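Spelled out from the first residue to the last, the chains are:
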Amino acid sequence: MSDSSESTKKEEVEEVTPEPEEQSDDSSEEEAAGDTDMDFLRNLFSSTLGLGSADKVLDELTMGGVAQYINSGKCKNIICMVGAGISTSAGIPDFRSPGTGLYANLQKYNLPYPEAIFQIDYFKKHPEPFFTLAKELYPGQFKPTICHYFIKMLKDKGLLRRCYTQNIDTLERVAGLEGEDLIEAHGTFYTSHCVSFCCRKEYNLDWMKEKIFSDDIPKCDKCSSLVKPDIVFFGENLPVRFFTSMKSDFPNCDLLIIMGTSLQVQPFASLVSRYCISCFLVLEHTADPLFGLLGIGGGMDFDSDKAYRDVAHISTCDDGCLALADLLGWKVELEELVKKEHARIDSQGTKEKASDSKGAAAKTSAASVAPEPKKAE
Ligand SMILES: [Zn+2]
């Protein structure tokens, strides 16, 4: 089942990849910012003047309407866009937002400024703070959330076109999504590369894990340069696949589900306003629901008289997914999946626990722990 849907997915991607020029106005990545202004104005006009396409896909602008649409069989290509908010219930702090979460805990590293830990130039000179942090946040120490498994269910039911994630915790992969299902917009720990442009040797997760947990600064076997997980640092470009996939995915999007992110990422926001026919947003309590009205969230409109497409649900991501699953008749299945998968991860964990650094004085076993954390100088 998932095999066949996957091959269909690939074919479609090839067929529909649009030429940027075909989209009439200026849609190259560089011009995305200006483009958004245009989209913003277009949306503003169309919503205030009642112009533009108001083809209603949802019978009701409620979560019930979204569930009905999914169950109708007309909704075949769902795109999920997810951010840090979907992983907070797994215990992972949001460390991309300055002033919150992890940044506050970085003083001990004596960084010139907190963001330096993710700045590529700083990293090349001082890799230690990043790797110390990486050890603390290492993927595999956390379990995917209900929300992650909800996305996995969309895949299993052949409804997931793609999941765009801003997260680097790899929990989507732990939950069972595969490379083809995912666009890891800020990269991933899953693979690593030598930072030397002449070399770029690739390393896998196990190799990197061993280095991180033995407090070794990872160096390339071939050229002795630093090796860095493939997460996108400040000063680095987003993966090329991010842009190419967006251009083929969005024109085919039947429903966009946005969870745990405020959607202020370009060129994403402009693609949403241009192509999406139906959007469902799960907002955290802390998010400002006015985003949509102000057009900041890609020109979304939840509650004006002209609203026709966008549905917002204010709750945590997990609660939102459970509520939607309930309306879809999937709730029991979802809860069982979470229970089964968490039990599997726990049983795997107990095998590895002894060798993990979390238990500090853990007896040396397997490959991971060096007895004395030796600070490289
Ligand atoms: Zn190298």
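Residues numbered from 1 in each chain as written. Predicted model: local features only at pLDDT ≥ 70, side-chain atom pairs only at ≥ 80, totals over all residues.

An unreviewed UniProt entry lists the protein under the name NAD-dependent protein deacetylase, with Anabas testudineus as the source organism. In its Subcellular location (unreviewed entry) section, the UniProt record describing the protein reads: "Nucleus". The record in UniProt for the protein states the following under Sequence similarities (unreviewed entry): "Belongs to the sirtuin family. Class I subfamily." (UniProt positions renumbered as here; feature names shortened; annotations may be inferred.)

(A) Representation of the overall build of the protein in the model. Helix and strand counts for the protein come out as 13 helices and 9 strands. Looking at the 377 residues of the protein, the share that counts as buried comes to 36%. In the protein, 66% of the contacts between residues at least 6 apart in sequence involve partners at least 24 apart. (Helix = DSSP H or I, 4+ residues; strand = E, 2+ residues; numbered from the N terminus. Buried ≥ 20, exposed ≤ 12 C-beta atoms within 10 Å, placed from the backbone. Contact = placed C-beta atoms within 7 Å.)

(B) Quick look at helix 5 (residues 128-136). The set of residues buried in helix 5 consists of Phe130, Phe131 and Ala134. Seen along its axis, helix 5 keeps its buried residues to an arc of 95°; they face one direction. Where helix 5 is buried, its residues contact helix 4 (120-125) and helix 8 (205-213). (Arc of directions from axis to C-beta.)

(C) Geometry of the nonpolar core. Core analysis: the largest hydrophobic core is formed by 58 residues, its most contacted members being Cys80, Leu256 and Val311. The dominant element in this core, judged by the number of residues it contributes, is helix 6 (residues 146-156), at 6 residues. If near-sequence neighbours (up to four positions away) are discounted, Val311 is found in contact with Leu58, Leu61, Thr62, Met63, Gly65, Val66, Cys279, Phe280, Leu281 and Phe302. Counting residues in hydrophobic clusters, the runner-up holds 11 residues, among them Tyr122, Phe123, Ala134 and Met208. (Core = buried A, V, L, I, M, F, W, Y, C linked by C-beta atoms within 7 Å.)

(D) Main features of the packing of helix 3 (residues 63-71) against helix 12 (residues 317-328). Relative orientation of the contacting elements helix 3 and helix 12 amounts to 55°, with a least axis distance of 9 Å. What the angle tells us is that helix 3 and helix 12 run oblique. Note that helix 3 runs across helix 12; the crossing there is right-handed. Contacts from Met63, Gly64, Val66, Ala67, Ile70 and Asn71 of helix 3 reach helix 12 at Ala323, Leu324, Leu327 and Leu328. Broken down by class, the residue content of the contact of helix 3 with helix 12 amounts to 8 nonpolar, 2 polar and no charged. (Axes fitted to C-alpha atoms, helices over the stretch in contact; angles between N-to-C directions. Parallel < 35°, antiparallel > 145°, perpendicular 65-115°, else oblique. Left-handed = near helix turned anticlockwise from the far one by under 90°. Nonpolar A, V, L, I, M, F, W, Y, C, P; charged D, E, K, R; others polar.)

(E) Inspection of helix 12 at higher detail. Across its 12 residues, helix 12 extends 16 Å between first and last C-alpha, which sits within 8% of the 16 Å expected from 1.5 Å per residue. Backbone geometry just after helix 12 places Gly329 at a positive phi near 80°. (Expected span 1.5 Å × (residues − 1).)

(F) How the structure looks around the environment of Phe150. Mapping Phe150 onto the fold places it in helix 6. Taking the C-alpha atoms as reference, Phe150 lies 9.1 Å from Leu337; in sequence the two are 187 residues apart.

(G) Region of the structure containing the sheet that holds strand 5 (residues 202-204). Strand order across the open sheet formed by 3 strands is 5-4-6, with antiparallel pairing between neighbours. Edge positions in the sheet fall to strand 5 and strand 6 (227-231), since each of these pairs with one other strand and no more. With direction set aside, neighbouring strand axes in the sheet form an average angle of 40°. Alignment of strand 4 (residues 187-194) against strand 5, held across 3 bridges, turns out to be antiparallel. Paired with Thr191 across the strands is Asn204, a residue of strand 5. Helix-sheet contacts for helix 8 involve strand 4, strand 5 and strand 6, and the interaxial angle to strand 5 is about 75°. (Pairing = 2+ DSSP bridges.)

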